[in-house]
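Geometric and topological summary
One-letter residues, chain by chain:
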Amino acid sequence: QITTASGNEFLLQSDIDFLILDWFHAIKNVIDRLPKERSCTSRNLEFKLRRSSSIELLNSLDTESKEPKPEHRKSLIFRLNYSASDTNDRNRVKSRLKKFISRRPSLKTLQEKGLIKDQIFGSHLHLVCEHEKSTVPQFVRLCIKAVERRGLDVDGIYRVSGNLATIQKLRFVVNQEEKLNLDDSQWEDIHVVTGALKMFFRELPEPLFPYCFFEQFVEAIKIQDNATRIKSIRSLVKKLPRPNYDTMKILFEHLKKIAAKESVNLMSTQSLGIVFGPTLLRPEKETGNMAVHMLYQNQIVELMLSEYSKIFGSEED
């Protein structure tokens, strides 16, 4: 750590001990060469560390404009702190950390005591639904209602990205608070709401279309005969776990409303397929066929939107 006389602080950090030692000696040598009875002739000191290709010019360290007293020379320019890792110290720290981790309570225990709230983002869909005693996450319902109130006519809805910092703030609020008001002024940009909804589906540990169904949906979309293709997709959808089916149904019903306003918002079923395909279904292990998979992912979502009534309707329909 380098602290200049003007109060600026600079931190040089590395996990490589010999590199830190080189930095220390390089800077110390500069300090030792400074005049003892007069001020520095240059108002700036520059340190270039050549030991690492990733280290460039660090910073200019400003000195005081006034003539320094000789006994205050080093403290006036900067203080230099250096610490090198010691193997024994590291081993002791590791040992203590292991003991601490082995004694710490489990996540389940902390949740049962109310010290940690169940997360919405990043949790399995069925766990979120079990916690809320529902088959569709409340956050998904709230986002859909907000978009249908304020966003059906918005150009590029779901395609245009919202401010990522605000989306992350919304994500934090959802994970930490029980009640959420999407009509609050801080969420007035509807693209923040749509961005958060897409993030929720992206962060599911297992996508809305479960991994075990991925190849089956891909094989179904490859069927040439349209009626047979729709029937096959419908059959697979009906086999989905209840939370997946109900959440999918309400989401696709919503996206169908978005597509119905294509003349205003410019979001066709094809556009929505491109946006939601990779978000809602993906293989458990990526292979070399990523581009091909993406094409099928988009086509599956597009077909399910264009044939929504046949896929999600009752048998009589």
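Residues numbered from 1 in each chain as written. Predicted model: local features only at pLDDT ≥ 70, side-chain atom pairs only at ≥ 80, totals over all residues. Heavy atoms only, no water.

1. A few points about the overall build of the protein chain
Inclusion rule: The helix and strand labels rest on DSSP assignments: H or I over at least four residues marks a helix, E over at least two residues marks a strand, and numbering proceeds from the N terminus. Each residue's exposure class comes from its accessible area (1.4 Å probe, protein chains only) as a fraction of the maximum for that residue type: buried when under 20%, exposed when over 50%, partly exposed otherwise. Residues count as neighbours in contact if any of their non-hydrogen atoms are within 4.5 Å of one another. Areas reported here follow the Shrake-Rupley algorithm with a probe of radius 1.4 Å; residue values treat only the protein chains shown as occluding.
Counting its secondary structure elements, the protein chain contains 15 helices and 5 strands. A burial count over the protein chain gives 38% of its 317 residues as buried. In the protein chain, once contacts between residues fewer than 6 apart in sequence are set aside, the share between residues at least 24 apart is 69%. Approximately 19,200 Å² of the protein chain is accessible, and the part contributed by carbon and sulfur atoms is 49%.

2. A few points about unusual backbone geometry
Although it is not a glycine, Tyr158 adopts a positive phi angle of roughly 75°. Position of Tyr158 relative to the elements: it lies in the loop between α6 (138–150) and α7 (164–176). Since its relative accessible area comes to 0%, Tyr158 is described here as buried. The backbone of Leu266 sits at a positive phi, close to 60°, despite the residue not being glycine. Among the secondary structure elements, Leu266 is positioned in the loop between α12 (262–265) and α13 (269–280).

3. Here's the deal with the confidence of the model for the protein chain
Our working rule: Across the chain, each position has a pLDDT score giving the predictor's confidence in that residue, from 0 to 100.
Scored by pLDDT, the protein chain has a mean of 80; 72% of the residues are at 70 or more. In the predicted structure, residues 37–79 sits below a pLDDT of 50 and forms 79 contacts with residues beyond four places in sequence or in another chain.

4. Some points on the pattern of salt bridges
Note the cut-off: What makes a salt bridge here is a side-chain nitrogen of Lys or Arg within 4 Å of a carboxyl oxygen of Asp or Glu, nothing more.
Using the criterion set out here, one finds 8 salt bridges in the structure. The partner of Asp183 in a salt bridge is Arg149, and the shortest N-O contact between them spans 2.8 Å. Residue Asp183 is found in the loop between α7 and α8 (190–202), and its partner Arg149 is found in helix α6; the two are separated by 34 residues along the sequence. Given a relative accessible area of 49%, Asp183 falls into the partly exposed group. Here Arg159 ties to Asp155 by a salt bridge, and the two come within 3.9 Å at their closest N and O atoms. Note on Arg159: relative accessible area 46%, which makes it partly exposed.

5. Side note on the packing of helix α5 (residues 125–132) against helix α11 (residues 242–260)
Axis angle and axis distance: for two packed helices, these are the angle between their axes and the distance between the axes, and together they describe the pair. The condition is simple: Every axis in this analysis is a line fitted to C-alpha atoms, fitted for helices over the stretch in contact. Angles between the N-to-C directions lie between 0 and 180 degrees. In this scheme, roughly parallel covers angles under 35 degrees and roughly antiparallel covers those over 145, while 65 to 115 is roughly perpendicular and the rest are oblique.
Across the interface, α5 lies against α11 with an axial gap of 9 Å and an inter-helix angle of 90°. The orientation of α5 relative to α11 falls into the category roughly perpendicular. When α5 is examined against α11, the residues Leu125, His126 and Cys129 are found in contact with a partner set consisting of Pro243, Asn244 and Thr247.

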